[in-house]
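# Chains, contacts and geometry: an overview
As a plain string of letters, each chain reads:
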Amino acid sequence: MTEVDSEGAQEIPKSNTFSRRKFIVGAAVVGVSAVIAGRKQIAESVFSVDDDALIDSNLGKRFPREKIMLADGTIAFRDLKPEKLREAQDVPLISMVGLGMDQAVIGFMLQSLYDQGEHVIPLDFIGGSGSFGTIDGEQEINRRGDMIGEFITKYLQENPNVKQFDLMGQSLSAISMLAFARRHPEMLDKVRNVLPVSPMGIQNVDSVLGIKERKSKEDARNKKVEKSEEDEKVDAVIKKTFARNVLSSPIRSLEELLAMAKAGNYPSVEELKRRGVRVSFIQGADDLLADANMLMERIGEGFSETVTEIPEFERNPNSPQVYEYIPLNSQQKEKLKATPSVRFRKGGHEIMSQSKFAGTVLRAIDRLNNPITEGQAVEFAQAGHRKAS
């Protein structure tokens, strides 16, 4: 069922669509800019990680960053396993970030997840697949999808007590997760839950100029937001990390941009659901880059306009509300089997960098593991809870 966990959600302006011609022009502009940057693509040494950024130094020392060489490239990762797990079964959460980022920018969230007993494995993809003569966004995304599969296979071999994983990917990494699922369906029994966070490339086929315009709007929105001390630290690390990574690997960054613009991966989400993998989007309610309206319009296609609000089945008395699409006929009931849940929380595109985001992640996982049934949703709807459009 589609549900929205609303934490300060607000109306977001709809984005414009762009023509194929503008897409090509935009890609060319970005490519020329990369050449002017005067940086060479480095096969295996890009995306260096500031080991102790935004994470407790003691934790960083206890769990140093490791590198693993795979057939399709190198992965840098930490294996943050608490002494006492919050769940009886050890199901690690593999966490991935977006374009130009690395695990340095989500240290606060990783720390909070670890402190709450969640076994989390942040990983970064090192290197790139292309050159200026062979810029191919799909090739780079497929490389990452294969690397996820290779990493899972190797980890299971070395840790036989682990049987499944939860996957979480922010922005661009949502596309990488879906590439893994599409290219390795034989491995889906190793995946319990999938959590795309403010995902790019899901809503519909986009354009480079469309992404650029929304990125400018998101940056402008973020500058106006009142910041906590934690927010200021996050912003500083994000800026530093993005500049370093994009400049050190302009070709890979261009491929990532093209991959986001051309993806249109929502059918892959529906296929995941049909195969029994549970999916819950976590969306920044204020995000102007991965536009929330675009996402909800895509998910809501074929449903009634009415969305019914119901209380969330959680012990937390301060828990936000959730929303469910109520199936009105057999066709809609069938569609619900392939429809992911959606959980909104207040914030923009980089919500995954916040320490408090850890609570949203854990609630999403718990909810996927213990979903509200269709019958319960209908009961609450009939009990007269208010309706929202």
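You'll find the structure just up there.
How each quantity is defined
- Residue numbering note: each chain is counted from 1, following its sequence as written.
- Only residues with pLDDT of 70 or above have their local features reported here, since the model is predicted, and side-chain atom pairs are shown and tallied only from 80 upward, although totals for entire chains, interfaces and linings are computed over all residues.
- Side-chain calculation: all heavy atoms of the structure are included, whereas hydrogens and water are not.
- Among the buried residues, those of types Ala, Val, Leu, Ile, Met, Phe, Trp, Tyr and Cys that are joined through side-chain atoms within 4.5 Å form a nonpolar core.
- A 1.4 Å probe rolled over the protein chains alone gives each residue an accessible area, and that area as a share of the maximum for its type sets the label: buried under 20%, exposed over 50%, partly exposed in between.
- The way it works is that DSSP assigns letters per residue, a run of H or I at least four long becomes a helix, a run of E at least two long becomes a strand, and they are numbered from the N terminus.
- Here, two residues are considered to be in contact whenever any of their heavy atoms come within 4.5 Å of each other.
- Expected span of a helix, by definition, is 1.5 Å for each gap between consecutive residues, and there is one gap fewer than residues.
- Under this rule, positive means Lys or Arg and negative means Asp or Glu; His and the chain ends count for nothing.
- The rule for a salt bridge is simple: a side-chain nitrogen of Lys or Arg has to be within 4 Å of a carboxyl oxygen of Asp or Glu.
- What qualifies as a polar contact is a pair of N or O atoms within 3.5 Å, subject to a donor-acceptor requirement within protein and to the restriction that residues adjacent in sequence count only when both atoms come from side chains.
- A pair of strands is considered paired only if DSSP assigns at least 2 bridges between the two.
- When the strands point away from the viewer and the path from the first strand over the helix to the second turns clockwise, the crossover is right-handed.
- When the centres of two rings from Phe, Tyr and Trp lie within 6.5 Å, Trp using its six-membered ring, the rings pair. Their planes under 30 degrees apart give stacked, over 60 give edge-to-face, and anything left gives tilted.

Glancing now at the nonpolar core. Nonpolar side chains in soluble globular proteins tend to end up buried together. Counting 40 residues, the largest nonpolar core has I75, I94, F151, I152 and F165 as the members making the most contacts within it. In terms of residue count, the dominant contributor to this core is helix α4 (residues 137-158) (6 residues). Residue contacts for F165: discarding those within four places in its chain leaves V91, P92, I94, I121, I152, Y155, L156, K190, V191, R192 and N193. In terms of nonpolar packing, the next biggest core, distinct from the first, is built from 32 residues, L93, M101, V105 and L362 among them.

Before going further, it helps to spend a moment on α4. The terminal C-alpha atoms of α4 lie 32 Å apart, and with 22 residues this matches the ideal 32 Å at 1.5 Å per residue to within 8%. Of all the 22 residues making up α4, 16 are buried; the element is thus mostly covered by neighbouring parts of the structure.

This next bit is on the side chain of D287. Examined against the element boundaries, D287 turns out to sit in the loop between β7 (278-284) and α10 (292-299). No salt bridge is formed by the buried D287; the nearest opposite charge belongs to R221, separated by 6.3 Å. A polar side-chain atom of D287 sits 2.7 Å from a polar atom in the side chain of H349.

Attention shifts here to the pattern of salt bridges. Here the structure, examined in full by the defined rule, presents 21 salt bridges. The partner of E271 in a salt bridge is R274, with the nearest N and O atoms 3.8 Å apart. You can see E271 and its partner R274 sitting in helix α9 (residues 266-274), 3 residues apart, about one turn around the helix. With relative accessibility at 34%, the residue E271 sits in the partly exposed group.

Moving on, we come to the pairing of strand β4 (residues 120-126). β4 sits mainly inside the fold: 7 of its 7 residues count as buried. The two faces of β4 match: V120, P122, D124 and I126 on one face and I121, L123 and F125 on the other face are all buried. Two elements, strand β2 (residues 73-77) and β4, share 4 bridges in a ladder whose sense is antiparallel. Bridging across to β4, T74 finds its partner in I126. The sheet contact formed by strand β3 (residues 93-96) and β4 spans 3 bridges and is parallel. Pairing of L93 across the sheet is with V120, part of β4. The parallel pair β3 and β4, bridged by helix α3 (residues 107-115), forms a crossover whose chirality is right-handed.

Another point: the packing of aromatic side chains. With the rule as written, the count across this model stands at 4 aromatic pairs. Ring centres 5.6 Å apart and planes at 70° place the aromatic pair Y155 and F165 in the edge-to-face group. Residue Y155 is found in helix α4, and its partner F165 is found in strand β5 (residues 165-170); the two are separated by 10 residues along the sequence. Classification of Y155 by relative accessible area gives buried; the value is 6%. Taking the relative accessible area as the measure of exposure, F165 reaches 0% and is therefore buried.

Below, the discussion takes up helix α5 (residues 172-183). For α5, spanning 12 residues, the distance from its first C-alpha to its last is 17 Å, which sits close to the expected 16 Å at 1.5 Å a residue. Most of α5 sits inside the fold, with 10 of its 12 residues counted as buried. Those residues of α5 lying buried are L172, S173, A174, I175, S176, M177, L178, A179, F180 and A181. Contacts from the buried residues of α5 go to β3, α4, β5, β6 (191-197), α8 (250-262) and α9.

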